Amino acid sequence: MTATTVRPPRIDPLDLAGIDDVLTEEEKAIRGAVRHLCDSAVDPYVAEWFEAGELPQIRELAKEMGSLGLLGMHLEGYGCAGMSAVDYGLAWLELEASDSGIRSLVSVQGSLTMFAIWRHGSEEHKQQWLPAMAAGEAIGCFGLTEADHGSDPAAMRTRARQDGGGERADWILDGAKMWITNGSVADVAVVWAQTDDGIRGFVVPTDTPGFSAPLIKHKMSLRASVTSELVLEGVRLPHDAVLPEVRGLKGPLSCLNEARYGIVWGSMGAARSSFATALKYAERRVQFDRPISGFQLTQAKLAQMSMELTTGTLLALHLGRRKDAGTLRPEQVSLGKLNNVSKALEIARSARTILGANGISLEYPVIRHMNNLESVLTYEGTPEMHTLVVGQALTCQAAFR
Ligand code: FAD
């Protein structure tokens, strides 16, 4: 009698630790709905958009995302979906598994621009912009960075002054912002500027005379994303255009913290897509008469990727549960962004090597993720800045200057 080998059922190689088991059915359903949208509205086209360096269907896409409740999805009221931080994270992971540029569109809309208005704006700002932005009928951008002031935005040069005396005098904005996602297509910009009273935020309809947003070209990363300069030449705004509820750098930093939290999750999406592509490729690609997945060196790469993907996703989930409990601290978000983006980049680079020459082709998503992650590494705080935030938390000493 010959002994039969009973093979155990293969575990999901994309979720070796069984993280799915600790998600609720509702969380999985939200994730599934986002994946469904990305499968139909993004994945078939995104390599072409990346190659062409454009996002031609941005308004249609924004409306589709709005109808699914993805825009400002973690905010309450004003047409926003009011979902949990973990729902929001799972959605971001799926969006970035498709493309970091698509996730950036949604992040800048919901976590930066809408959040700034929702948290710091007047009731009139909220009524005017949030329902339209939640529906994807209006697109927003967030102008903090300047050409000469990135990691140190407190030194920004853009200035707002009141024209004449009294609290009800118009504001006049002059200056320029650089590297602004959604800039050229935005209907509204939240612009941060120096005033006599410190840094303040302004809600700027982009059809205001003196405002322009030329497109930044020649990017080799986030090509399926609109990136622009904002030029403000004597932009006259009514007295109530200023965000009334905040003064100083804590205004923009509070918004960046929201978006960074999303990146902790999103980067794991780009990593998962890269890993899944490499695993499938390795199983099919035959060299020296066997699939390259059978070579120890390939397996070592795959095991390393799986380990980083698992630990990064667990970290994201842990931070998400803390955010839902109201206990998440900014330095914990820094830790998450610092770890997960650099690990995602390592996974994408390693996946690229497994694909050999095909690794550099846009026929596969890996090189696109790899190039995109170079931007994700830099924006929302560079690794050096987050290292310094973590260093300060550990030592109680600031080493920024
Ligand atoms: P710099 O600040 O000049 O830094 C250059 C290098 O010096 C980095 O490695 C940095 O870590 C290092 N460095 C700086 N200071 C220190 C220090 N004290 N110690 C050690 N090292 C240091 N901005 C917005 O406001 N809105 C947007 O929508 C937006 N979208 C973007 C989209 C893309 C595609 C990109 C690439 C950027 C975007 N940004 C946006 C800008 C982004 O946030 C900045 O690029 C980022 O903050 C870094 O600023 P910087 O490029 O001026 O680099």
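Describe the overall build of the chain, naming the residues involved and giving the relevant values.
If you tally the helices and strands in the chain, you get 11 helices and 9 strands. What you see for the chain is a C-alpha radius of gyration of 22 Å, in line with the 21 Å of a compact globule of 401 residues. Dimensions of the chain along its principal axes, counting C-alpha atoms only, are 100 × 45 × 40 Å. Sorting the 401 residues of the chain into buried and exposed places 53% on the buried side. Summarising the internal contacts of the chain: among those between residues at least 6 apart in sequence, 74% fall at separations of at least 24. Here the chain displays about 18200 Å² of accessible surface, and carbon together with sulfur accounts for 53% of that area. Between the centroid of the 39 positive side chains of the chain and the centroid of its 48 negative side chains there is a distance of 5 Å.

How would you summarise helix H7 (residues 250-284) if you had to cite specific residues and measurements?
Between the first and last C-alpha of H7 there are 51 Å, a value that for 35 residues agrees with the 51 Å anticipated at 1.5 Å per step. Most of H7 sits inside the fold, with 28 of its 35 residues counted as buried.

Lay out the packing of helix H4 (residues 85-98) against helix H10 (residues 366-378) in plain terms, naming residues and giving numbers.
Direction vectors running N to C along H4 and H10 enclose 125 degrees, while the axes themselves pass 10 Å from each other. Taken together, the axes of H4 and H10 are oblique relative to one another. Listed contacts from H10 to Glu96, Ala97 and Ser98 of H4 are Arg368, His369, Leu373 and Val376. When its residues are assigned to classes, the contact of H4 with H10 shows 3 nonpolar, 2 polar and 2 charged.

Tell me about the pairing of strand E5 (residues 198-205), residues and numbers included.
Among the 8 residues in E5, 6 count as buried, and that is most of the element. Linkage of strand E4 (residues 188-195) to E5, two consecutive antiparallel strands, is achieved through a turn of 2 residues.

Got a sec to walk through the site of the ligand? Specific residues and values, please.
Near the ligand there are 18 residues, and of these Thr145, Ser151, Trp179, Thr382 and Glu384 occur at the shortest range. Between the ligand and the protein, one listed contact pairs a nitrogen atom with a backbone N or O atom of Phe142 at 2.9 Å. Summarising the interface, the protein chains cover 67% of the accessible area of the ligand, which totals 980 Å² for the free molecule. When its residues are assigned to classes, the shell around the ligand shows 9 nonpolar, 7 polar and 2 charged.

If you had to explain the pattern of salt bridges to someone new, which residues and values would you point to?
Within the structure shown, the criterion is met by 22 salt bridges. Its salt-bridge partner being Glu308, residue Lys343 comes within 3.7 Å of it at the nearest N-O pair. Of this pair, Lys343 sits in helix H9 (residues 330-354) while Glu308 sits in helix H8 (residues 296-325), and the two are 35 residues apart along the sequence. Here the two residues Lys343 and Glu308 agree in accessibility, since each one is buried. The shortest N-O distance in the salt bridge between Glu346 and Lys343 comes to 3.7 Å. Here the residue Glu346 and the residue Lys343 both occupy positions in helix H9, the gap between them amounting to 3 residues, near one helical turn. A cluster of three or more residues bridged by salt bridges with shared partners is formed by Arg35, Asp39, Asp43, Glu94 and Arg272.

Calculation rules
- Residues numbered from 1 in each chain as written.
- Predicted model: local features only at pLDDT ≥ 70, side-chain atom pairs only at ≥ 80, totals over all residues.
- Heavy atoms only, no water.
- Helix = DSSP H or I, 4+ residues; strand = E, 2+ residues; numbered from the N terminus.
- Rg over C-alpha atoms; globule rule 2.2 N^0.38 Å.
- Buried < 20%, exposed > 50% of the residue type's maximum accessible area, 1.4 Å probe, protein only.
- Contact = heavy atoms within 4.5 Å.
- Areas by Shrake-Rupley, 256 points an atom, 1.4 Å probe, with all protein chains shown as cover.
- Lys, Arg positive; Asp, Glu negative; His and termini not counted.
- Charge placed at Lys NZ, Arg CZ, Asp CG, Glu CD.
- Expected span 1.5 Å × (residues − 1).
- Axes fitted to C-alpha atoms, helices over the stretch in contact; angles between N-to-C directions.
- Parallel < 35°, antiparallel > 145°, perpendicular 65-115°, else oblique.
- Nonpolar A, V, L, I, M, F, W, Y, C, P; charged D, E, K, R; others polar.
- Pairing = 2+ DSSP bridges.
- Near = heavy atom within 4 Å.
- Polar contact = N/O pair within 3.5 Å; in protein donor to acceptor, adjacent residues only side chain to side chain.
- Salt bridge = Lys/Arg side-chain N within 4 Å of Asp/Glu carboxyl O.

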